[in-house]
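What follows is the residue order along each chain.
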Amino acid sequence: MAQRRSIRPPVASRAGGAILLLALGALVPPGAFAQPAEALRPVQGGPLKNPAPPAPAQPARPAAPNTPAYALSAADAARTPPLAPDRPVRVSLPRGQSAFFRIAPEAGEAWAVATRRLSRNADTIVAALDDAGEVVAEDDDGGEESLASRLEIQPGDGARLLRVGTLENTGGRFEVVLTRVPVQPPSDLAASQAEAASRPPLAVDQPVRVRLRRNQQAFFALPADRSNLTARTRGLSSGTDTALALLDADGTVLAEDDDGGDGLASLLPIGRAANEPLTLRASLVGGTGSFELVLEREDPLAADFPTSLEAARARPPLTSGEVVHVELDRGGEAFFALPEGQPLTIVTRNLGDEVDTVLALLDAQGGKLSEDDDGGGGLASRVTTGGRAAFVRASLLNNARGGFDIAVAGTSEGTPGAGDVEGASRRPALVLGEAVRLTVEADGQAVVALPFDGRPALAMTFGLAEGLDTVLELLDAGGAVLAENDDAEGLASRLEIPAEPRPAYLRVRLLENKGGEVNLVLVRPAP
């Protein structure tokens, strides 16, 4: 019987194969079998055989919320990081909102905050608030850039919170930056009128450096000889706006000035004040700042003209064709009597440097009837006398000093501007296209006749001094009002005049018990 051949490999062969695999394994780098995808890739390339499934996508981490750099309310400022020194914060405010900041402790007791890099038309306002939310210091335009703000805080100001907004809440973009500033020594200035009285008075030409915070005031006694003496502030720190006031013994303000000096500086004449103990008070118009205060004595100007109503009564009145040269010290005035019943036109001319004149018509008791500032062209003045005017007074604006001429010209009866319809009927009618200057006293009127040309016209007032408000009225021959107009353009008037009736008249009045000079013109209406 034939013997069956086994197909199972000999044990020795299986053992040899195992040995071969072990030997190959020793030659393969560790980790080669950990990447089955690469191991299964065919030599010729092509798709993977049995590829590994893709790893599941990891969910995206939510972005960390941005911590706001400023709060939009005082309550939210407690949950907002404080404003730290030298770390600018960019602010973008919608209309009607403000930004609020706490101040970082490392800022110390003395610090300054400023706005900068303002967007177009942004006008910032910075305010420091106390624990009760009340404003202890505020600044509008004290920054280095136009419309930027800067506010300085010193120990004792009580600032706990910072509010930064825009003028009229218009909104805008800008940077807010906080910086440390030196602590200022305590002020040794008198803080009351009584305290100033116990100290030596200010000395002439010896400037005193003054530093004030918002709502703080400094008081100074004045020397007994105050002839031609003027108090002036100068050397103002950035954004500082000073104010000076002269007080009597009871604390009543006798005179005061804000911006009579250069820029925001003050200039206050005190040489003409009453001969009694007086006190000078210095303060700021908002904010914190420093400046110099100095008393200056100026050489007196020659005064060969009346400087009071009583002196004018003792002099002959002005006459037509007369020219008087006047030199006024600061705060000075010149008075001249007027001839009774003779209309005159009085103008100022040949004005000195920085001289801006004002002419006022006064009644017999010195009450002001009307006033003109720039009616004479440029800074010159012009008034026309008549009615109850008994005196004319000349003065200068802005506490200036200097010279000018007063020229007097006669006014004929042919000049428009009678007191009633009867008087206007005896004078020439208005000429179309020719403007006339009318003087209207308080509670008075100027009446002019209209031309007989058979055509409609348009009457207008213009060139009104500040605060004057005209009313134009069309009158018939009996003085009855046919039409009127008050405010056509601002406080000026415009009235359409029909071709009929004739004779007819225009009456010009001023409201609010004011007097002054106005321009009146008659033109053809547009077709």
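1. Digging into the pattern of salt bridges
Two side chains of opposite charge can pair, provided their charged atoms sit close to one another. A complete count under the given rule lists 22 salt bridges for this structure. One connected set of salt bridges, linked through shared partners, spans Glu-298, Asp-329, Arg-330 and Arg-401.

2. Section: the sheet that holds strand β21 (residues 368–372)
Sheet strands pair by backbone hydrogen bonding; their relative direction is either parallel or antiparallel. Pairing is antiparallel in the open sheet, where four strands are placed in the order β18-β23-β20-β21. Only two strands of the sheet have a single partner each, and these edge strands are β18 (333–337) and β21. Neighbour-to-neighbour, the strand axes of the sheet open up by a mean angle of 20°, direction not taken into account. One ladder, built from five bridges, connects β18 with strand β23 (residues 391–396); its direction is antiparallel. Paired with Ala-334 across the strands is Ala-394, a residue of β23.

3. Observations concerning the sheet that holds strand β12 (residues 242–247)
An order of β10-β15-β12-β13 is seen for the four strands of this open sheet, with the pairing classed as antiparallel. Lying at the two open borders of the sheet, with one neighbouring strand each, are β10 (217–221) and β13 (253–257). The average angle at which neighbouring strand axes cross in this sheet is 20°, direction not considered. As paired strands, β12 and β13 are joined by four bridges and run antiparallel to one another. When the bridges of β13 are listed, Leu-247 appears paired with Val-253.

4. Topic: the pairing of β12
With six of six residues buried, β12 lies mostly within the body of the structure. Neither face of β12 is exposed, since Thr-242, Leu-244 and Leu-246 on one face and Ala-243, Ala-245 and Leu-247 on the opposite face are all buried. What sits between the antiparallel neighbours β12 and β13 is a turn of five residues, in which Gly-251 has the positive phi angle 85°.

5. Digging into the environment of Leu-379
Within the secondary structure, Leu-379 is located in the loop between β21 and β22 (382–384). Residues Leu-379 and Thr-348 lie 31 residues apart in sequence; the distance between their C-alpha atoms is 8.9 Å. In this structure, Leu-379 is in contact with Leu-351, Val-355, Asp-356, Thr-357, Asp-373 and Asp-374, ignoring residues within four places of it in sequence.

Scoring rules and cut-offs
- Residues numbered from 1 in each chain as written.
- Predicted model: local features only at pLDDT ≥ 70, side-chain atom pairs only at ≥ 80, totals over all residues.
- Heavy atoms only, no water.
- Salt bridge = Lys/Arg side-chain N within 4 Å of Asp/Glu carboxyl O.
- Pairing = 2+ DSSP bridges.
- Helix = DSSP H or I, 4+ residues; strand = E, 2+ residues; numbered from the N terminus.
- Axes fitted to C-alpha atoms, helices over the stretch in contact; angles between N-to-C directions.
- Buried < 20%, exposed > 50% of the residue type's maximum accessible area, 1.4 Å probe, protein only.
- Contact = heavy atoms within 4.5 Å.

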